[in-house]
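# Reading the structure
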Amino acid sequence: MITSPLLLITVILPLASLFLAFRPKGQTIYRYCLPLLPLPAILTGLMAEFHHWLELPWLLIGGVWGLDELRQTFLLLTSVLWATAGIFAVGYLETRKPRAFCVFWALTLTGNLGLIISVDLASFYSFFALMTFAAYGLVVHERTDEANRAGRVYLAMAVTGEMALLTGLLMAAHQADSTLLTELPGAIAESDRSGMIIALLVSGFGVKAGLPFLHFWLPLAHPVAPTPASAVLSGAMIKAGLLGWLVTLPFGEISLPAWGNTLVVLGAIGALGGAALGLNQVRPKTVLAYSSISQMGLITLMVGAAMANMEHAATLFSVIALYALHHGLAKGCLFLSTAVQLPAQRRFRWILWLLIALPGLSLAGLPFTSGAAAKFAMKDALKPEQYDFAVAEYLPLIMTAGAVATMLLIWRFIWTLHQSAQTGHNHPFKWLGWVAATVCSLVAFWFLPGARSEAGHSWFVLTPGEVWSLSWPIVAATALAAVWWLARGRNGSGTG
C-alpha cells in the first residue's frame, strides 16, 4: 500500500526543505532542489488509489487526506506546473535573492498541494490559508513600489476572501455536524441558510478564482511577481478557488437556477470583460493576467450550469477538470516565455516564436490541440436544450464571443511580447523549464488521466465541419487584429 506514504511525503518534502534556508551555504542547494519538491505529488497523482482515505487523528481536529478522480486531475496539473516552473526558477534566480524566494515558494507549494489532497475541513482551510498568505512573499519579492502596492491590494483582498470563506465553511460544517468536506454539499442543500452559505463560499473562493469584481489583485500581482511565480499563480493557484467551489457547493444535490443564472452572468462578464481590458494593456504579463480572468469566466459558465441543473453536474465536473488542466498547462508556459531571451540567429527565432504561439493558439481552440479538446467538450456539455434556466439560451453566443476574444488577446500578447523581447543568453535551466512546460502543454497533456477520462471523443479525427467550427473564431479574430494593426499603425501602440 503506497498511497498513505505518498500522501504524507507530498506535503512533508516541501516543508522539510525549509531547513535548507537556515544553512549558511544552503542557498545554491535550495535553488537546485526547487524542481524536486513537487515530484512526490506527481507520483501520488499517477499511482495513488482513489478513495483511500489517510486518517490523521493527531492532526488539528483530526485530518483526513486522499484522492478522487477530480482531485487527481488538479493534483497532476498543480504538481507538473510547479515542477516545470521550479526548473525555470533555478536559472531565473541566479542573482535574485534566492533564500527568501525559496522559503515562500516552498510554503506556497505546500499549501497548494495540501489543500488538494485534504478531505477534512480543518486541513483544507489551513493549507488554503497557508498558500494564500505565503504567496504574498512571492508577489512582493522584487520590493519595488509597484510590487509593494500590488502586495497590499493582494493582501487586503485575500483577508476579505478568507473571512468570507472561513465563515461559510464553519456555517456549512455546523449544518453538516461534520468536518468532512464530502458532507458539506448535502448539508448546504438542506439548510435554511443555504443562500447565505453559498454566497460566502462563492465570494470567498471567487477572490482566488478571479471572479469579476473580486479579481482586482490579479492584473496587479501577476506582472510584478517573479516570472516562475507568475506562472504558478495563474496556472495552478487560481484553480484552487475553482476546486474549492467544486468540493463544497451543493452540486448534484439540488438544482439552483437562480445561482446558475448569477454565475453564468458573472462568467460572461469575466470572459468578455477580462478580454476587453486585456486588449488595452501594453505589458505581456498583464495581458496574460486578464486572459486568465477571461478563461476562468468561461469555466464559470460550466460551474453555473452545474448549479442550475443538478443532473448535469457529474458530466460538467469532468469537463471543468479537462478545461482547467488544459488552461493551467498552456498559461504556465506562456508566462514562462515572457522571461526567455531571443536567440541571436534569425532562423532559431522563428522556431522560438512558433513554440511560444502554439500554447496561445491552443487556448483559442486550434484544432488538434488540448484547447480544441476542452472547447469541444464544453460545447457538448453546454448545449442550451439540455438546460431550463433563464440564460441558458445565451451560452453558445457567450462561448463563441469568448473564443474570438481569446484569440484577440493572444495576438495582443504576442505583439506586446515582440515589442519587449530582447536578444541574449538564457541560463540552461531557463531553457529546460520553458521547454518542459511547453512539452507538457502540447504533448504530455494527452497522456494525463484528466484528459484520458474524456477520451470518448477522438480529438484527432475531426470532420471538416468540426475543424471549421474551431477555426473560424481564430480566423475572424486574426482578421480583426490585422485590421486594427493596419488602422493604428504598425507600431501597435495605439492603446494602453
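Look a little higher up for the structure.
Below you will find a few notes about this structure. Please read all numbers here as calculations on a predicted model, not as lab measurements. (Residues numbered from 1 in each chain as written. Predicted model: local features only at pLDDT ≥ 70, side-chain atom pairs only at ≥ 80, totals over all residues. Heavy atoms only, no water.)

### Describing the overall build of the chain
Broken down by element type, the chain carries 20 helices and 2 strands. By the compact-globule yardstick of 23 Å for 496 residues, the chain fits well, its C-alpha radius of gyration being 21 Å. Projecting the C-alpha coordinates of the chain onto the three principal axes gives extents of approximately 65 × 65 × 45 Å. Taking all 496 residues of the chain together, 61% fall into the buried category. Considering only contacts in the chain between residues 6 or more positions apart, those separated by 24 or more positions represent 81%. Distance between charge centroids for the chain: 23 Å, based on 27 positive and 22 negative side chains. (Helix = DSSP H or I, 4+ residues; strand = E, 2+ residues; numbered from the N terminus. Rg over C-alpha atoms; globule rule 2.2 N^0.38 Å. Buried < 20%, exposed > 50% of the residue type's maximum accessible area, 1.4 Å probe, protein only. Contact = heavy atoms within 4.5 Å. Lys, Arg positive; Asp, Glu negative; His and termini not counted. Charge placed at Lys NZ, Arg CZ, Asp CG, Glu CD.)

### Focus: the nonpolar core
Of all hydrophobic cores here, the largest spans 169 residues; its most connected members are Leu242 and Leu382. By residue number, the principal contributor to this core is helix α14 (residues 313–337), which donates 16 residues. (Core = buried A, V, L, I, M, F, W, Y, C linked by side-chain atoms within 4.5 Å.)

### Here's the deal with the environment of Tyr92
As for its position among the elements, Tyr92 is in helix α4 (residues 69–92). With 335 residues separating them along the chain, Tyr92 and His427 place their C-alpha atoms 7.5 Å apart. Dropping the residues within four chain positions of it, Tyr92 is found in contact with Glu142, Pro226, Thr227, Pro228, Ala339 and Lys430. Polar contacts involving the side chain of Tyr92 include one to the main-chain amide nitrogen of Thr227, which spans 3.4 Å. (Polar contact = N/O pair within 3.5 Å; in protein donor to acceptor, adjacent residues only side chain to side chain.)

### Concerning the pattern of salt bridges
Evaluation of the coordinates by the stated rule reveals 3 salt bridges. The partner of Asp68 in a salt bridge is Arg71, with the nearest N and O atoms 2.8 Å apart. Take Asp68 and Arg71: they sit in the same class, and that class is buried. The partner of Glu146 in a salt bridge is Arg283, and the shortest N-O contact between them spans 2.6 Å. Separated by 137 residues along the polypeptide, Glu146 in helix α7 (residues 145–176) and Arg283 in the loop between α12 (257–278) and α13 (284–308) bring together distant segments of the chain. Take Glu146: its relative accessible area is 41%, and that puts it in the partly exposed class. (Salt bridge = Lys/Arg side-chain N within 4 Å of Asp/Glu carboxyl O.)

### Some thoughts on unusual backbone geometry
Even without glycine at this site, Arg143 takes up a positive phi of about 60°. Relative to the helices and strands, Arg143 resides in the loop between α6 (121–139) and α7. Since its relative accessible area comes to 48%, Arg143 is described here as partly exposed.

### Considerations on helix α20 (residues 464–488)
With 25 residues, α20 should cover 36 Å at 1.5 Å per step; its first-to-last C-alpha distance of 35 Å lies within 8% of that length. Helix geometry: α20 is bent most strongly at Ser471, by close to 35°, with proline Pro473 lying one to four residues after it. Of all the positions in α20, only Leu470, Ser471, Pro473, Ile474, Ala477 and Ala481 are classed as buried. Turning to α20, the residues buried within the fold contact α16 (370–381) and α17 (395–420). (Expected span 1.5 Å × (residues − 1). Bend = angle between axes of the 7 residues up to and from the residue.)

### Brief notes about the packing of α4 against helix α5 (residues 98–117)
Closest axis-to-axis distance for the α4/α5 pair is 9 Å, and the angle between their directions is 170°. By the criterion of interaxial angle, the relationship of α4 to α5 is roughly antiparallel. Helix-helix and strand crossings are classified by hand; for α4 and α5 the assignment is left-handed. Residues Arg71, Phe74, Leu75, Thr78, Ser79, Trp82, Ala85, Gly86 and Ala89 of α4 form the contact with α5, whose own contacting residues are Phe101, Trp105, Thr108, Leu109, Asn112, Leu113, Ile116 and Ile117. Class assignment for the residues of the contact of α4 with α5 results in 11 nonpolar, 5 polar and 1 charged. (Axes fitted to C-alpha atoms, helices over the stretch in contact; angles between N-to-C directions. Parallel < 35°, antiparallel > 145°, perpendicular 65-115°, else oblique. Left-handed = near helix turned anticlockwise from the far one by under 90°. Nonpolar A, V, L, I, M, F, W, Y, C, P; charged D, E, K, R; others polar.)

### A few points about α13
Counting along an α-helix, one turn takes 3.6 residues, and residues three or four places apart therefore face a common direction. If you check α13, its first and last C-alpha atoms are 36 Å apart, about what 25 residues at 1.5 Å a residue would give, namely 36 Å. Among the 25 residues that make up α13, 25 are buried, leaving the element largely enclosed by the rest of the structure.

### Considerations on the side chain of Arg412
Among the structural elements, Arg412 can be located in helix α17. Of the side chains bearing the opposite charge, Glu146 lies closest to the buried Arg412, which forms no salt bridge; the N-O distance is 15 Å. A distance of 3.5 Å separates a polar side-chain atom of Arg412 from the backbone oxygen of Leu279. Here Gln281 takes part through its backbone oxygen, which lies 2.9 Å from a polar atom of the side chain of Arg412.

### Thoughts on a nonpolar patch on the surface
A grouping of Phe133, Leu155, Val159 and Met163 is seen on the molecular surface, where their side chains present a nonpolar patch of about 330 Å² in accessible area. Sorting elements by how many residues they give to the nonpolar patch places α7 first, with 3 residues. Structurally, the position occupied by Val159 is in helix α7. Looking at Val159, the relative accessible area reads 36%, which means it is partly exposed. (Patch = residues over 30% accessible without salt bridge, like charges linked within 9 Å, V, L, I, M, F, W, Y side chains within 5 Å. Areas by Shrake-Rupley, 256 points an atom, 1.4 Å probe, with all protein chains shown as cover.)

### Description of the environment of Leu81
Position of Leu81 among the secondary structure elements: in helix α4. When the C-alpha positions of Leu81 and Val232 are compared, they lie 6.6 Å apart, and in sequence the two are 151 residues distant. In this structure Leu81 touches Ala231, Val232, Gly235, Ala236, Gly328 and Gly332, once residues within four positions along its chain are discounted.

### Some points on the packing of aromatic side chains
This model, assessed by the stated rule, comprises 14 aromatic pairs. Aromatic rings pair up to connect Trp82, Phe101 and Trp105 into one cluster. Above the face of the Trp217 ring, Lys208 is positioned so that its terminal group lies 6.0 Å from the ring centre. (Phe/Tyr/Trp six-rings, centres within 6.5 Å; stacked < 30°, edge-to-face > 60°. Lys NZ or Arg CZ within 6 Å of the ring centre and 35° of its normal.)

### Details of the packing of α6 against α7
Relative orientation and spacing of two packed helices are given, respectively, by the angle between their axes and the distance between those axes. One way to put it is that α6 packs onto α7 with a least axis distance of 9 Å and a crossing angle of 175°. When the interaxial angle is binned, α6 and α7 end up roughly antiparallel.

### Topic: the environment of Phe104
Along the polypeptide, Phe104 turns up in helix α5. Placed 34 residues apart in sequence, Phe104 and Leu138 show a C-alpha to C-alpha distance of 6.3 Å. When sequence neighbours within four positions are dropped, the list of residues in contact with Phe104 reads Ala134, Gly137 and Leu138.

### A few points about the state of the cysteines
Applying the stated criterion to the full structure yields 0 disulfides. Cys440 forms no disulfide, and the closest cysteine sulfur to it belongs to Cys333, at a distance of 8.9 Å. With relative accessibility at 16%, the residue Cys440 sits in the buried group. (Disulfide = S-S within 2.5 Å.)

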